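Here's the letter readout for the chains.
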Amino acid sequence: MKATLAPSSLISLPRHKVSSLRSPSLLLQSQRPSSGLMTTTTASRGSVAVTAAATSSVEALREGIAEFYNETSGLWEEIWGDHMHHGFYDPDSSVQLSDSGHREAQIRMIEESLRFAGVTEEEKKIKRVVDVGCGIGGSSRYIASKFGAECIGITLSPVQAKRANDLAAAQSLSHKVSFQVADALEQPFEDGIFDLVWSMESGEHMPDKAKFVKELVRVAAPGGRIIIVTWCHRNLSPGEEALQPWEQNLLDRICKTFYLPAWCSTSDYVDLLQSLSLQDIKCADWSENVAPFWPAVIRTALTWKGLVSLLRSGMKSIKGALTMPLMIEGYKKGVIKFGIITCQKPL
Ligand code: SAH
């Protein structure tokens, strides 16, 4: 089932099936068939069939993501520690960093994201945080300690949720942070309760970007801050309707291994946030700041310890490792962009 996922077909609709009565955010879909912003609900018979197929594909994707992280998280933690995201580096930094240098760069990613969103100045207001797509809880524990806030993390992987809770207990943080298995697209939280809604490198897994963003906005408190740091494809040029076939092909190959649906661009996210009337919307392209990361991951995978751990961890990890050069190629060719998008929910 997982091997047959066809990422780019998960959510895009043929143009002629797109209803002209859509809301502005949904119209993006008609303009950009490959953008991956939504699953669809329209009344025509053809569209309903697409929706049913999309639903089962979405379930397969969810299972694939859970299994992928169940299997690979232990290996990642052993080699890279508790942050499952890119490091942030000064552009053009040619220094060969030690392992600890890369780990510091991962912490710096959290700090730079908070700073970009202006959260460091608002830190006293941050009392409750949700970490959407929390991995093994590295961001939650860091942010909870930094702000003295309560943090709840959600992940699709039961292995990650357990490990995250165990690490919180080991660090005497269980009174502040907790983790559970839940879907970012149907979060088990009331409306309007989180001062900070944090999504660090999970948005790329979401098969319905419009629903994802709506959920982030729904759970944010009035005046709350939303931060999305995520893998995107490049912004399309004016008049361009889709990526070039070779670009789409490159992304599709990455999707298969990393359990990703269709990608979208940072400007697609900005359009979605604007359509929901959010305030202080800002975005940036940090691709240059993450450039040293994948080469470093590959170098550690090629050490003796890395190779032995990789072989022990299983096929999903091995396939993941073999896909890493494609990420580097995607960044080098400008197809993949590392984006941060942030906004504030109106009071
Ligand atoms: N934010 C973490 C982990 C990033 S890895 C960190 O920086 O360390 C991506 C995470 O997104 C995984 O934990 C995965 O389970 C989660 N994820 C992907 N799709 C999800 C969904 N639909 N609902 C909840 N979590 C999801």
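Presented here is a report on the structure given in the accompanying data block. Remember, predicted model here, so these are calculated numbers, not experimental data. (Residues numbered from 1 in each chain as written. Predicted model: local features only at pLDDT ≥ 70, side-chain atom pairs only at ≥ 80, totals over all residues. Heavy atoms only, no water.)

Focus: the pattern of salt bridges
So, step 1. A complete count under the given rule lists 16 salt bridges for this structure.
So, step 2. A salt bridge links D166 to K162, with the shortest nitrogen-to-oxygen separation between them at 2.7 Å. Remark: K162 and D166 occur in helix α5 (residues 158-170); sequence separation between them is four residues, near one turn of the helix.
So, step 3. Here D166 falls in the partly exposed class, since its relative accessible area comes to 34%.
So, step 4. One network of salt bridges, in which partners are shared, links D90, R108, E112 and R115. (Salt bridge = Lys/Arg side-chain N within 4 Å of Asp/Glu carboxyl O. Helix = DSSP H or I, 4+ residues; strand = E, 2+ residues; numbered from the N terminus. Buried < 20%, exposed > 50% of the residue type's maximum accessible area, 1.4 Å probe, protein only.)

Describing the packing of aromatic side chains
So, step 1. By the definition in use, this model includes 14 aromatic pairs.
So, step 2. Where F116 meets W286, the ring centres are 5.8 Å apart and the plane angle is 75°; that geometry is what we call edge-to-face. Here F116, found in helix α3 (residues 99-116), pairs with W286, found in the loop between β6 (279-285) and α9 (287-290); they are 170 residues apart in sequence, far enough to count as distant.
So, step 3. Given a relative accessible area of 8%, W286 falls into the buried group.
So, step 4. Grouping aromatic residues by their ring pairs yields a cluster made of F68, Y69, W76, W80, W231, F258, Y259, W263, F293 and W294.
So, step 5. If you follow K282 out to its NZ or CZ, it ends over the ring of F116, 5.2 Å from the centre. (Phe/Tyr/Trp six-rings, centres within 6.5 Å; stacked < 30°, edge-to-face > 60°. Lys NZ or Arg CZ within 6 Å of the ring centre and 35° of its normal.)

Here we look at α5
So, step 1. An ideal rise of 1.5 Å per residue puts 18 Å on 13 residues; α5 measures up with 18 Å between its terminal C-alpha atoms.
So, step 2. Trailing α5 by a residue or two, S172 shows a phi angle of about 50°, which is positive. (Expected span 1.5 Å × (residues − 1).)

Considering the environment of G339
So, step 1. Structurally, the position occupied by G339 is in strand β7 (residues 336-344).
So, step 2. For the pair formed by G339 and Y269, sequence separation is 70 residues and the distance between their alpha carbons is 9.8 Å.
So, step 3. For G339, the residues in contact, after removing those within four places along its chain, are I228, V229, T230, T266 and A284. (Contact = heavy atoms within 4.5 Å.)

Remarks on the pairing of strand β4 (residues 194-200)
So, step 1. Burial analysis of β4 places six of its seven residues in the buried class, which makes it a mostly covered element.
So, step 2. As paired strands, strand β1 (residues 128-132) and β4 are joined by three bridges and run parallel to one another. Along β4, the bridge assignment pairs V130 with V197.
So, step 3. Here β4 runs beside strand β5 (residues 220-233); their pairing, made up of six bridges, is parallel. Bridge pairing in β5 places W198 opposite I227.
So, step 4. Where the polypeptide runs from β4 across helix α6 (residues 209-219) and back to β5, its parallel neighbour, the crossover connection is right-handed. (Pairing = 2+ DSSP bridges. Right-handed = clockwise from strand over helix to strand, strands pointing away.)

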